[in-house]
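A closer look at the structure
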Amino acid sequence: MHRVTIVGSGFAALTAIQTLRQTKADLDITVVSSKSEFVYYPGLIWVPCGLRTGDDLRIDLKRFFERMKVRHLPAEATGLSKDGRILETTGGPIENDGLIIASGGRFIKKLPGIEHAITPCEGIAAAEAIRDRVRAMDGGHIAMGFASNPNEQSSMRGGPIFEFLFGMDNQLRTEKRRDKFTLTFFTPAERPGNRLGPKAVDGLLAEMKRRDIATHLGHKLKGFSTSKVTTEGGEFDADLILFMPGMTGNAWFDNTELPRSPGGLLQGDAQCRVPGLERVYVAGDSGSFPGPDWMPKQAHMADLQARAAARNLAAEFAGREPRETFKVELICIVDTNDSGMLVARTENYNLVLPSMRVFHWLKRFFEWLYLRRFR
């Protein structure tokens with residue numbers, strides 16, 4: 001029986017587990033992650049307004065692991081040895097015949113004063129902190145923005161900030177206190193959300209103007225304070241700052257000889273293999289892959305990469321050449337708490353549909369559909 005180790009318990013890791021079991025291969029699978037739980041990060045946007053609670057988004061994976069016949073080790077990866085055949089962890093070394101690294105990415109927190117900002121997609125606690133801070137405010141200035149990895153521009157996750165931004169505007173209007181707040185969107189990019197496509201950028205900027213959301217674009221960030229955002233183009237007031245920094249690889253990668261991209265992620269090829277190592281694969285935010293510069297860092301892309309990685313690993317165990325690749329595809333609904341704009345992009349087309357209520361409910365239905373497999 002071949003032994004497979006999977007690092008992580010997020011989107012890519014869980015999809016890899018399901019895909020490996022679908023191959024019907026006789027595998028002994030061990031998952032290494034700090035907790036046997038899954039957090040549905042796309043739903044964090046609904047925590048500040050009360051549409052979701054942390055318990056709604058936190059899924060206990062014990063029953064899922066039992067159904068999948070998976071052993072879970074509550075530990076953290078710390079390194080690799082023997083050319084990837086041994087994963088070093090805080091719970092001890094684990095031998096494997098195949099390894100899939102799906103431990104996610106890490107936000108770059110080097111900007112001066114970044115401790116004064118909340119990074120929304122860090123998890124449930126961050127979303128709840130936003131909720132509680134806004135509830136306690138009688139008015140003031142709220143600033144939201146994102147930046148990229150300076151060494152790898154595609155290593156970023158800015159899309160959720162648009163949703164937090166429009167959702168906050170909608171929430172404050174529903175609470176009849178929008179007139180007491182100033183909302184400002186900021187980013188060093190002159191065309192924010194360009195990975196969504198030109199039409200989407202125009203639509204996002206037009207929506208900000210319609211909602212009376214101020215913008216501060218195209219200026220390199222210098223730092224934050226308790227009441228200001230400072231850039232090379234000036235500063236503006238901010239009593240609450242939501243900021244998504246660029247992303248890089250996990251800290252434990254530094255204790256390995258795994259090949260890295262310019263931005264610090266693990267290098268992966270078109271089949272999600274880590275070059276130079278046998279039967280070592282990477283999927284999701286941990287990896288840097290060949291493809292267009294707009295390739296997204298999002299759950300859907302992580303799922304596609306994980307399927308390719310798992311199928312290729314199973315093929316290798318069966319003595320076949322790993323030929324599975326992943327489709328580069330961006331699909332998202334930019335939600336506003338009660339409506340949403342649909343954006344889809346592949347190498348052949350870029351579709352943008354204006355904000356409609358049906359898209360909000362479609363996003364909520366997809367959440368239910370996605371999570372039911374793990375409950």
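Thresholds applied
- Residues numbered from 1 in each chain as written.
- Predicted model: local features only at pLDDT ≥ 70, side-chain atom pairs only at ≥ 80, totals over all residues.
- Heavy atoms only, no water.
- Helix = DSSP H or I, 4+ residues; strand = E, 2+ residues; numbered from the N terminus.
- Rg over C-alpha atoms; globule rule 2.2 N^0.38 Å.
- Buried < 20%, exposed > 50% of the residue type's maximum accessible area, 1.4 Å probe, protein only.
- Contact = heavy atoms within 4.5 Å.
- Lys, Arg positive; Asp, Glu negative; His and termini not counted.
- Charge placed at Lys NZ, Arg CZ, Asp CG, Glu CD.
- UniProt positions renumbered as here; feature names shortened; annotations may be inferred.
- Pairing = 2+ DSSP bridges.
- Axes fitted to C-alpha atoms, helices over the stretch in contact; angles between N-to-C directions.
- Right-handed = clockwise from strand over helix to strand, strands pointing away.
- Domains from an automatic or database assignment.
- Buried area = accessible area lost by both parts, 1.4 Å probe.
- Salt bridge = Lys/Arg side-chain N within 4 Å of Asp/Glu carboxyl O.
- Nonpolar A, V, L, I, M, F, W, Y, C, P; charged D, E, K, R; others polar.
- Expected span 1.5 Å × (residues − 1).

1. Some points on the overall build of the protein
Looking only at helices and strands, the protein has 8 helices and 25 strands in total. On C-alpha atoms alone, the protein measures out to a radius of gyration of 21 Å, which is about the 21 Å that the 2.2 N^0.38 rule sets for 375 residues. The principal-axis extents of the C-alpha atoms in the protein amount to approximately 65 × 40 × 40 Å. Considering the protein as a whole, with its 375 residues, one finds that 57% of them fall into the buried category. Here the contacts in the protein between residues at least 6 apart in sequence split such that 66% fall between residues at least 24 apart. Charge centroids of the protein, computed over 50 positive and 45 negative side chains, lie 4 Å from each other.

2. Description of the UniProt feature "domain: FAD/NAD(P)-binding" (unreviewed entry) in the protein
In this numbering, the UniProt entry assigns the feature "domain: FAD/NAD(P)-binding" (unreviewed entry) to residues 3-301. Secondary structure over residues 3-301 splits into 22% helix and 29% strand, and the C-alpha atoms at its two ends are 26 Å apart.

3. Re the sheet that holds strand β5 (residues 70-74)
Pairing is parallel in the open sheet, where 5 strands are placed in the order β5-β2-β1-β9-β21. Edge strands, defined here as strands with exactly one partner in the open sheet, are β5 and β21 (280-282). Across the sheet, the mean angle from the axis of one strand to that of its neighbour is 20 degrees, orientation sign disregarded. Relative to β5, strand β2 (residues 27-33) runs parallel, the two sharing 5 bridges. When the sheet's bridge partners are listed, Ser-33 is paired in β5 with Pro-74. Here helix α7 (residues 299-317) sits on the sheet and contacts β1 (2-7), β2, β9 (98-101) and β21; the angle it forms with β9, its principal contact strand, is near 175 degrees.

4. Concerning the pairing of β1
In terms of strand pairing, β1 meets β2 through 6 bridges, oriented parallel. Paired with Ile-6 across the bridge in β2 is Val-31. Chirality of the crossover, the property in question, places the unit of β1, helix α1 (residues 11-22) and β2 among those that are right-handed.

5. Side note on the domain arrangement of the protein
Domain boundaries in the protein define domain 1 (2-105 + 249-318) and domain 2 (109-246). Domain 1 puts 21 residues into the contact, and the matching count from domain 2 is 22 residues. Approximately 1800 Å² of surface area, both sides summed, lies buried where domain 1 meets domain 2, with 59% of it carried by carbon and sulfur atoms. At the boundary of domain 1 with domain 2, the tally comes to 1 salt bridge. Linking Asp-285 and Arg-157 is a salt bridge whose minimum nitrogen-to-oxygen distance equals 1.9 Å. Taken together, the residues of the side of domain 1 that touches domain 2 break down into 12 nonpolar, 5 polar and 4 charged.

6. A few points about α7
Compared with the 27 Å implied by 1.5 Å per residue over 19 residues, the 27 Å span of α7 between its first and last C-alpha is a close match. Downstream of α7 by one or two residues, Gly-319 has phi in the positive range, about 85 degrees.

7. Quick look at the sheet that holds strand β16 (residues 228-231)
Pairing is antiparallel across the open sheet formed by 3 strands, whose spatial order is β15-β16-β17. Whereas interior strands pair on both sides, the edge strands pair on one side only; in this sheet they are β15 (221-224) and β17 (234-237). Strand after strand, the sheet turns through a mean of 15 degrees between neighbouring axes, direction not considered. In the sheet, β16 pairs with β17 via 4 bridges, with the strands oriented antiparallel. Looking at β17, one finds that Thr-230 is bridged to Glu-235.

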